[in-house]
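A closer look at the structure
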Amino acid sequence: MVKESERILFESLKNGSEEAFKEVYQQNRQLFLNFAQKYGLGKEDLLDIYQDAYITFYENVMEGKLVQLTSTLSTYLISIGKYMILDRLRKNKHNVHNESVLNLAHQKDDLIETFELDIEELTPDEVLLERYFEELGEKCKAILIMFYYKRYSIREIKAAGNYNSENVVKSQKSRCLKTLKQLFNNTPKQV
């Protein structure tokens, strides 16, 4: 549940208030740096990432992509930054092994886990898709999440799942997606 003060601040942001954007920036800068330091990047890198995450946050608000709060502004902003950090770690392969990046991605962060999804806003098709996704095996769910949601490469999935080859990963992903599509498509649609 989002506090009323947070909703008021969010409304100010949607109305383009410079003061509200400054407030969000200043309130979350140190919070983000404290959160992000565990990823082993230098302070300069983390400041760059915070700037990028904040710009993305700003654009999402101003372009109407973020229209309703389902978490605190801090949680939303930090989650953007977390995925930017993981992206940076994956791109800097000479500094970090892919396996350690994948391990970081699998860790649950208390702050990020506070997201509250508003299930009532899902379309009937989304509800069905979510239900059928949960019926897939753990390996299928892991592969589809890593590939489509976290945007891992086939090589990174191979390393994370200890698969024998990239071809095995490709065929497993294909089978999982086919199973999900069949479950979804075999459901009678309501008119």
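Now for a description of the structure that goes with this document. (Residues numbered from 1 in each chain as written. Predicted model: local features only at pLDDT ≥ 70, side-chain atom pairs only at ≥ 80, totals over all residues. Heavy atoms only, no water.)

1. Some remarks on the nonpolar core
In plain terms, the rule: The criterion is simple. A nonpolar core is a set of buried Ala, Val, Leu, Ile, Met, Phe, Trp, Tyr and Cys residues joined through side-chain atoms within 4.5 Å. Throughout, exposure labels follow a simple rule: accessible area from a 1.4 Å probe, protein chains only, divided by the maximum for the residue type, with under 20% read as buried, over 50% as exposed, and the rest as partly exposed. For this analysis, residues touch if any pair of their heavy atoms sits within 4.5 Å.
With 31 residues, the main nonpolar core has Leu13, Val24, Phe32, Tyr54, Phe57, Leu73 and Ile85 as its most contacted residues. Ignoring anything within four residues of it in the chain, the contact list for Leu73 reads Glu6, Leu9, Phe10, Leu13, Val24 and Phe57. Tyr132, Leu136, Cys140 and Cys176 belong to the second largest nonpolar core, which has nine residues in total.

2. Regarding the pattern of salt bridges
Stated precisely, the cut-off is as follows: Here, a salt bridge means any Lys or Arg side-chain nitrogen found within 4 Å of an Asp or Glu carboxyl oxygen. The secondary structure listing takes helices from DSSP runs of H or I that are at least 4 residues long and strands from runs of E that are at least 2 residues long, numbered from the N terminus.
Summed over all chains, the structure comprises seven salt bridges. For Lys14, the salt bridge is made with Glu11, and the minimal N-O distance between the two is 3.2 Å. One end of the pair is Lys14 and the other is Glu11, both in helix H1 (residues 4–14) and three residues apart, which spans about a single turn. As a salt-bridge pair, Glu135 and Arg131 come within 3.9 Å of each other at their nearest N and O atoms. You can see Glu135 and its partner Arg131 sitting in helix H6 (residues 124–135), four residues apart, about one turn around the helix. The exposure class of Glu135 is partly exposed, given its relative accessible area of 49%. Shared partners join several salt bridges into a network, and the residues in it are Glu134, Glu138 and Lys141.

3. Quick notes on the packing of H6 against helix H9 (residues 166–185)
Threshold: Simply put, an axis is a line fit to the C-alpha atoms, just over the touching stretch for a helix, and the angle between two N-to-C directions goes from 0 to 180 degrees. Between 65 and 115 degrees an angle is taken as roughly perpendicular, under 35 as roughly parallel, over 145 as roughly antiparallel, and anywhere else as oblique. By convention the crossing between two helices is left-handed if the near helix lies anticlockwise of the far one by an angle smaller than a right angle, and right-handed if it lies clockwise. Residues are grouped as follows: nonpolar covers Ala, Val, Leu, Ile, Met, Phe, Trp, Tyr, Cys and Pro; charged covers Asp, Glu, Lys and Arg; every other residue, Gly included, is treated as polar.
In the contact formed by H6 and H9, the axes pass within 9 Å of each other and the chain directions differ by 135°. With respect to H9, the element H6 is oriented oblique. Crossing of H6 over H9 shows right-handed handedness. Along its contact with H6, which presents Asp125, Leu128, Leu129, Tyr132, Phe133 and Glu135, the element H9 presents Leu180, Leu183 and Phe184. Considering only residue class, the contact of H6 with H9 consists of seven nonpolar, no polar and two charged.

4. Notes on a nonpolar patch on the surface
What counts is decided by this rule: Patches draw on residues past 30% relative accessible area with no salt bridge. Two like charges within 9 Å are joined, as are two nonpolar side chains (Val, Leu, Ile, Met, Phe, Trp, Tyr) within 5 Å. The protein chains shown are the only cover counted for residues, whose accessible areas, like all others here, come from Shrake-Rupley with a 1.4 Å probe.
A surface patch of nonpolar side chains, about 300 Å² in accessible area, is lined by Tyr83, Ile145 and Tyr149. Topologically, Tyr83 is positioned in helix H4 (residues 73–91). The class for Tyr83 is partly exposed, based on a relative accessible area of 32%.

5. Describing the packing of H1 against helix H3 (residues 43–62)
It is at 9 Å that the axes of H1 and H3 come closest, and there the two elements cross at 80°. When the interaxial angle is binned, H1 and H3 end up roughly perpendicular. Packed against H1, whose contacting residues are Phe10, Leu13 and Lys14, the element H3 presents Phe57, Val61 and Met62 at the interface. Here the contact of H1 with H3 is composed, by residue class, of five nonpolar, no polar and one charged.

What is shown is where atoms sit, not what they do.
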